[in-house]
Structures are given as C-alpha cells and as structure tokens.
Amino acid sequence: MSTPVLVRPAVAADLPAIAAVYDHQVRTGVATFDLEPQGTAYWEQRLAGLGPGDHLLVAEEDGEVLGYAAASPYRPRPAYRHAREVSVHLADTARGRGVGGALYDDLLARLRADGVHTALAVVALPNPASRALHRRCGFEPVGVLREVGFKHERWIDTELWQLMLR
C-alpha cells in the first residue's frame, strides 16, 4: 500500500464506490446472495437507517474506497438486539493487502464500544480467503447450512462464524 489505509465511517459521497464493490459481487461472485445489482439508492437507505450498534465503514487509500465493512441487526426480534451480523467486501484491487483485517479491526472495536455481545458472519463456501480472514479476526465457525443459496446455476453452502465480543 502506498499510504496507510484510512478506515472511517462512510458518508454519502462514498456510496457510489460502495455500490460498485457490492454490485460487482452480485454479478460475479457469491459473497452476497442478491441476484440483481442494488445501486446507490439501496446504500442511501442503509446509511440513513443506521441505528445504535449499526455501522457502515469504508477503507480509503489515496482518496479511493477500497472496500467497506457493515454491521446490522442479526434478526428483527428483540432478543437478538445484542447481536450484529457483520460483513466486509473489498474491491478486487484491495484483496490480499490487509484491508479486510483493517476494516474488521475498526468495526469490531466499535461494536465492543457499543456493548454488542456477539458478531456473526456468513461465508459462502468455498471461500478460503474469507475463512482465513474471519479466523485471523478471532471468529470461530459454528455451523454449515447446506445448499441454502442458488446462484450462478449452482447450489451454495454457507458457514456461520461467531465472535463473542464481551
């Protein structure tokens, strides 16, 4: 990396870059199970709807957004209020450079400060890089859901990862 990566809360000006990273995964990968690109309007709603314990962060280098991290409610029922589902998505140019770890380090510190009890991540399989990132950040695999998604003409398993924050 030419300059240190800056991790910071996302602002409206970042949303086109966030949408580009996400929509690339929608079209080409399985890191999300969306089937149609969401565009900037989706991210405008996400940014406007952030509540306590929710975050949308970006990693920036030389003014370019390299990726983002998000934390949102795990499920809508009140008993789940101390859990957050987390994710990190990177531009292809940011992979293998420590950007995902920098995003997770910042996000997890914020969740701890918020009093969140547990972070949960869903990894589509196979994905050795994502599994390695989650393991490095302290997550543990807690179960596999077989063939729960169908995308790109194939069935996809997901693995649930959990990190106890408190």
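Calculation rules
Residues numbered from 1 in each chain as written. Predicted model: local features only at pLDDT ≥ 70, side-chain atom pairs only at ≥ 80, totals over all residues. Heavy atoms only, no water. Helix = DSSP H or I, 4+ residues; strand = E, 2+ residues; numbered from the N terminus. Contact = heavy atoms within 4.5 Å. Buried < 20%, exposed > 50% of the residue type's maximum accessible area, 1.4 Å probe, protein only. Pairing = 2+ DSSP bridges. Right-handed = clockwise from strand over helix to strand, strands pointing away. Arc of directions from axis to C-beta. Axes fitted to C-alpha atoms, helices over the stretch in contact; angles between N-to-C directions.

1. Considerations on the side chain of Asp14
Mapped onto the secondary structure, Asp14 falls in the loop between strand 1 (6-9) and helix 1 (15-28). Discounting residues that sit within four places of it in the chain, Asp14 has contacts with Arg8, Pro9, Val58 and Val65.

2. A word on the pairing of strand 5 (residues 118-125)
The element strand 5 is largely enclosed, with a buried count of 7 among its 8 residues. With 3 bridges connecting them, strand 4 (residues 83-90) and strand 5 associate as parallel partners. Pairing of Glu85 across the sheet is with Leu120, part of strand 5. The parallel pair strand 4 and strand 5 is bridged by helix 3 (residues 99-114), and the resulting crossover is right-handed. Inspection of the sheet shows strand 5 paired to strand 7 (residues 154-164) by 8 bridges, in the antiparallel sense. If you follow Ala119 over to strand 7, its bridge partner there is Leu163.

3. Considering unusual backbone geometry
Looking along the chain, the bond that leaves Leu125 and enters Pro126 is cis, with omega of -5°. Residue placement: Pro126 occurs in the loop between strand 5 and helix 4 (128-136).

4. Quick look at helix 4
All of the buried residues along helix 4 are Ser130, Leu133 and His134. The buried residues of helix 4 all sit within an arc of 95° when viewed along its axis, so they share a single face. Those residues of helix 4 that are exposed and angled more than 90 degrees off the buried face are Pro128 and Arg136. Along its buried surface, helix 4 packs onto helix 3, strand 5 and strand 7. At the exit of helix 4 stands Gly138, carrying a positive phi of roughly 100°.

5. Looking at the sheet that holds strand 2 (residues 55-61)
Read across the open sheet, the 7 strands follow the order 1-2-3-4-5-7-6; overall the sheet is mixed. Both edges of this open sheet fall to strand 1 and strand 6 (140-151), since each of them pairs with a single strand only. When the angles between neighbouring strand axes are averaged without regard to direction, this sheet yields 25°. Where strand 1 and strand 2 come together, 4 bridges link them in antiparallel fashion. For Leu6, the partnering residue across the bridge sits in strand 2 and is Glu60. Docked against the sheet, helix 1 engages strand 2, strand 3 (64-73), strand 4 and strand 6, running at close to 80° with respect to strand 3.

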